[in-house]
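Observations on the model geometry
What follows is the residue order along each chain.
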Amino acid sequence: VRVKSILDFLSPASPQLYKLDAGWPRNPASIKGVPYDVAVDHLNSLVYVAQRGDNVSKVLVFTEDGYFKTAWKTNTLDMPHGIFAVIDEDIKSIWITDVGQGPYGHTVKQYSPSGSLLKTLGTPGIAGSRLSPLQFDQPADIFIKGEDEVYIVDGDGGMNNRLLKLTDDFSLQWILGGNGTKPCQFFIPHSVAVDDMGRVWVADRGNKRIQVFDTFLGEYIGSWDTCFLEDGPYSVRFTADKKYLVVVQLNISRMLFLAVPPVGGIGDCNVVSTIQMADGVRPHLVDINVRTGSIYVAELGAEQVHKYVPC
């Protein structure tokens, strides 16, 4: 029996929603490491790139036009995985999940836009599952909604397979998880995002599905798996118009645009459009400029960040 490709779910007239901006970054050699994630400061037109490698800055800053601006000089990062920008008129900070095994790893850290360490969640250098004090084991991603909702997926292959919701003072509000295939269980939860209708979306990478929960109590709403028969979802981010969920699949170098269902149940997965990248690009995590609609993709195989703009 032939395993269906995602292309089988698309009509011949599927729209092209985004196209590659081949001029971003202006100098591709500015990225000397392997980029794992990207975060957009839409108010100041800046793009933060979290990268790994020997003798490289762990965070690079570019202008929205693709010009290299600066590199952080912090020595408090082992191996960045996810990066998230909290940007509004009053608050500007950059959050990074650190999956390293060194003295700064297994943590989620808050930095100023210039790279000064402001706060550390977790126990630096020690993997664990405790909730008091809070511990992580290779935390994969963080998403902050409004002023008092912090969501963390923990971990990227470690002992923990869980989703945590913290309040504005970083105390635990609720937690879901456990290694497994049942609803509310995970196998490598890799990315998390929250929509405007009170739903938390988690890329349950190892289980090749997206699970969705209520933000208030963490109650299970539903899951999508038919879109991910070939490879699991690595990212969950919403387009600027909130119409589509952007998902990348690393092993098959593909980006999907999934229709976001209205409030309530999520129904079946509906792939509206795809972008098939070259073999070996290996897209990992993405972020969206909510002002311009541009999508930035961190790519492990290409060792580059590429920008896609609305058609």
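Per an unreviewed UniProt entry, the protein goes by the name NHL repeat-containing protein 3 and belongs to Engystomops pustulosus.

Right, let's talk about the UniProt feature "repeat: NHL" (unreviewed entry) in the protein for a bit. Residues annotated in UniProt with the feature "repeat: NHL" (unreviewed entry) correspond here to residues 175-216. The span residues 175-216 is 0% helix and 50% strand, and its two end C-alpha atoms sit 11 Å from each other.

Scanning all chains against the criterion turns up twelve salt bridges. A salt bridge links glutamate 64 to arginine 291, with the shortest nitrogen-to-oxygen separation between them at 2.8 Å. With a gap of 227 residues between them, glutamate 64 in the loop between β4 (59-63) and β5 (68-71) and arginine 291 in the loop between β22 (283-288) and β23 (295-299) connect regions that are remote in the sequence. Accessibility expressed as a relative area gives 10% for glutamate 64, which makes it buried. Given the relative accessible area of 49%, arginine 291 is considered partly exposed. Salt bridges sharing common partners tie together Asp141, Arg237 and Asp287.

A few words now on the side chain of glutamine 211. Within the secondary structure layout, glutamine 211 lies in strand β16 (residues 209-214). Among the polar contacts listed, one links the side chain of glutamine 211 to the backbone nitrogen of cysteine 184, at a separation of 2.9 Å. Separated by 3.2 Å, the side chains of glutamine 211 and aspartate 204 make a polar contact.

The four strands are arranged β2-β3-β4-β5 in an open sheet whose pairing can be described as antiparallel. The strands lining the two open edges of the sheet, one partner per strand, are β2 (34-41) and β5. Taken over all neighbouring pairs, the strand axes of this sheet differ in orientation by 25° on average, direction set aside. When β4 meets β5, the two strands line up antiparallel, connected through three bridges. In the strand pairing of β5, phenylalanine 62 is matched with phenylalanine 68.

We now examine the packing of aromatic side chains. As enumerated under the stated definition, the model contains 13 aromatic pairs in all. On the numbers, 4.9 Å between centres and 50° between planes, the contact of phenylalanine 84 with phenylalanine 143 is tilted. Here phenylalanine 84, found in strand β6 (residues 80-87), pairs with phenylalanine 143, found in strand β10 (residues 139-145); they are 59 residues apart in sequence, far enough to count as distant. In this structure phenylalanine 143 comes out as buried when scored by relative accessible area, which is 12%. Every member of this aromatic cluster is reached through a ring pair, and the members are Trp24, Phe62, Phe68 and Tyr296. Directly above the ring of tyrosine 36 sits arginine 52, whose terminal nitrogen or CZ lies 3.5 Å from the centroid.

Its place among the elements puts tryptophan 95 in strand β7 (residues 92-98). Those residues in contact with tryptophan 95 that sit more than four places away from it in its chain are Gly82, Ile83, Phe84, Val86, Val108, Lys109, Gln110, Leu121, Ile142, Ile144 and Phe170.

Attention now goes to unusual backbone geometry. Look at the link from tryptophan 24 to proline 25: it is a cis peptide, with omega at -5°. With respect to the secondary-structure elements, proline 25 resides in the loop between β1 (18-21) and β2. The omega angle of the peptide bond from serine 132 to proline 133 is -5°, so this bond is cis rather than trans. By secondary structure assignment, the location of proline 133 is in the loop between β9 (117-121) and β10. A positive phi angle, near 55°, is found at serine 45, a position not held by glycine. Within the secondary structure, serine 45 is located in the loop between β2 and β3 (46-52). Of note, lysine 242 is a non-glycine position whose phi angle comes to about 65°, a positive value.

Conventions used here
Residues numbered from 1 in each chain as written. Predicted model: local features only at pLDDT ≥ 70, side-chain atom pairs only at ≥ 80, totals over all residues. Heavy atoms only, no water. UniProt positions renumbered as here; feature names shortened; annotations may be inferred. Helix = DSSP H or I, 4+ residues; strand = E, 2+ residues; numbered from the N terminus. Salt bridge = Lys/Arg side-chain N within 4 Å of Asp/Glu carboxyl O. Buried < 20%, exposed > 50% of the residue type's maximum accessible area, 1.4 Å probe, protein only. Polar contact = N/O pair within 3.5 Å; in protein donor to acceptor, adjacent residues only side chain to side chain. Pairing = 2+ DSSP bridges. Axes fitted to C-alpha atoms, helices over the stretch in contact; angles between N-to-C directions. Phe/Tyr/Trp six-rings, centres within 6.5 Å; stacked < 30°, edge-to-face > 60°. Lys NZ or Arg CZ within 6 Å of the ring centre and 35° of its normal. Contact = heavy atoms within 4.5 Å.

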